[in-house]
Amino acid sequence: MPGGRPVAAVTDVSFDLRPGECLALVGESGCGKSVLASALLGLLPGNARTRGAALIDTGEGPLDLLTADEATLARTVRGRRAGLIPQSPAAHLTPVRTVRSHLAETVRALRGTPRRELRAAAEAAAARAAFPADHLDRHPHQLSGGLAQRAATALALVADAPLLIADEPTTGLDRDLVDRTVGELRRHADEGHGLLVITHDLAAAERVADRVAVMYAGRVVELAAADAFFGHPGPRHPYAAGLLDALPERSFTPIPGLPPELDALPDGCAFAPRCDRATERCASLPALADGVACHHAREAADA
Ligand SMILES: Nc1ncnc2c1ncn2[C@@H]1O[C@H](COP(=O)(O)OP(=O)(O)OP(=O)(O)O)[C@@H](O)[C@H]1O
Ligand code: NI
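All of these numbers come straight from a predicted model, not from anything done at the bench.

Draft legend 1. How the structure looks around the UniProt feature "domain: ABC transporter" (unreviewed entry) in the protein. Taken from the UniProt record, the annotation "domain: ABC transporter" (unreviewed entry) applies to residues 1–242. Taken as a whole, residues 1–242 contains 38% helix and 16% strand, while its terminal C-alpha atoms sit 30 Å from one another.

Draft legend 2. Quick peek at the environment of Leu23. One can find Leu23 in strand β1 (residues 22–26). Classification of Leu23 by C-beta neighbours within 10 Å gives buried; the count is 23. Distance from Leu23 to Pro233, taken between C-alpha atoms, is 19 Å for residues 210 residues apart in sequence. The residues touching Leu23, leaving out its near neighbours within four places in the chain, are Phe15, Leu17, Leu196, Ala209, Arg211 and Ala213.

Draft legend 3. Quick look at the nonpolar core. Counting 80 residues, the largest nonpolar core has Ala24, Ala151, Val197 and Val214 as the members making the most contacts within it. In terms of residue count, helix α6 (residues 145–157) provides more of this core than any other element does, eight residues in total. The contacts of Ala24, once residues within four sequence positions are left out, are Val197, Thr199, Ala205, Val208, Ala209 and Val212.

Draft legend 4. Here's a closer look at the site of ligand 1. Taken together, the neighbourhood of ligand 1 is formed by 15 residues, with Ala9, Ser29, Lys33, Ser34 and Val35 sitting nearest. Split by residue class, the shell around ligand 1 holds seven nonpolar, seven polar and one charged.

Draft legend 5. Quick look at the sheet that holds strand β6 (residues 194–199). A sheet is described by the order of its strands in space; here six strands give the open sequence β4-β5-β6-β1-β7-β8, paired in mixed fashion. What marks the edges here is a single partner per strand, and that holds for β4 (82–85) and β8 (219–225). For this sheet, the mean angle separating the axes of adjacent strands, direction not counted, is 15°. For strand β7 (residues 211–216) and β8, the ladder comprises six bridges, and the chain directions are antiparallel.

Analysis parameters
- Residues numbered from 1 in each chain as written.
- Chains lettered and ligands numbered in written order.
- Predicted model: local features only at pLDDT ≥ 70, side-chain atom pairs only at ≥ 80, totals over all residues.
- UniProt positions renumbered as here; feature names shortened; annotations may be inferred.
- Helix = DSSP H or I, 4+ residues; strand = E, 2+ residues; numbered from the N terminus.
- Buried ≥ 20, exposed ≤ 12 C-beta atoms within 10 Å, placed from the backbone.
- Contact = placed C-beta atoms within 7 Å.
- Core = buried A, V, L, I, M, F, W, Y, C linked by C-beta atoms within 7 Å.
- Near = placed C-beta within 6 Å.
- Nonpolar A, V, L, I, M, F, W, Y, C, P; charged D, E, K, R; others polar.
- Pairing = 2+ DSSP bridges.
- Axes fitted to C-alpha atoms, helices over the stretch in contact; angles between N-to-C directions.

Pasting the structure below:
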């Protein structure tokens, strides 16, 4: 930050993700979801500091993504072990190149496809993400939001990486496209891939996820099985309960107030100023224990 003040964009996050499993990471704008995704791919800005570990299975043992050097990340991880469908895909594509050229380069780099087979391989990669062949010669600015999303998905799927991170894959899409995207992501997990879906679309999270991690002000405040979270007995953290209650199909009641600025967090629970369960105990920071970080969490369901 200006003046050299640090800001803790993501703190104390801990989860695992297995092949064939989808974890939805949900939370309001600015809570740290995209920073977390960037950290997992070694794409943080140069002045960022990380601590802890993020282990990925490389096929030859675990690799710590937070300490791996750039050459290792570039040669063995990005695209190959972990694919990313970025938030705002159009902004991540090179503006002066066509979708075909993006796909051909990616196929060549990740699969070593010989030049004479590139055209067919690029077309097959596009088809996998339902990107229309007659739009392959368009530039990013000539694509609708939905088609830019498909182009980014096609690129992320080229090397069939065991982990796919999708950052806001349904934002800005119309209803049919949301349904299709959710279906495709779920199929991708069912085929045995690990899937981290970052979204503030809770309806999409409910349909795609096996587990849900709720972030608030840079921390995971609840980590739960999706059926318990969205169904019975429901969320345990008051913030998570508030998020669900804000949905139009539920009680359509917004959480009062706004999330705090990350560079001015209170010492204790960051949600306390907005929380109707807050007491003096909330002046100390609640650790994530048994899936929830709250002094007044609802009881877990009976096992
Ligand atoms: N390079 C940086 N320098 C300072 N602050 C940063 C930097 N990168 C991110 N932040 C801060 O970290 C916070 C988390 O940002 P992030 O993009 O991860 O949010 P998000 O949960 O993905 O939100 P959205 O839903 O809007 O995409 C933001 O408040 C942002 O201001
Ligand atoms: Ni984001």
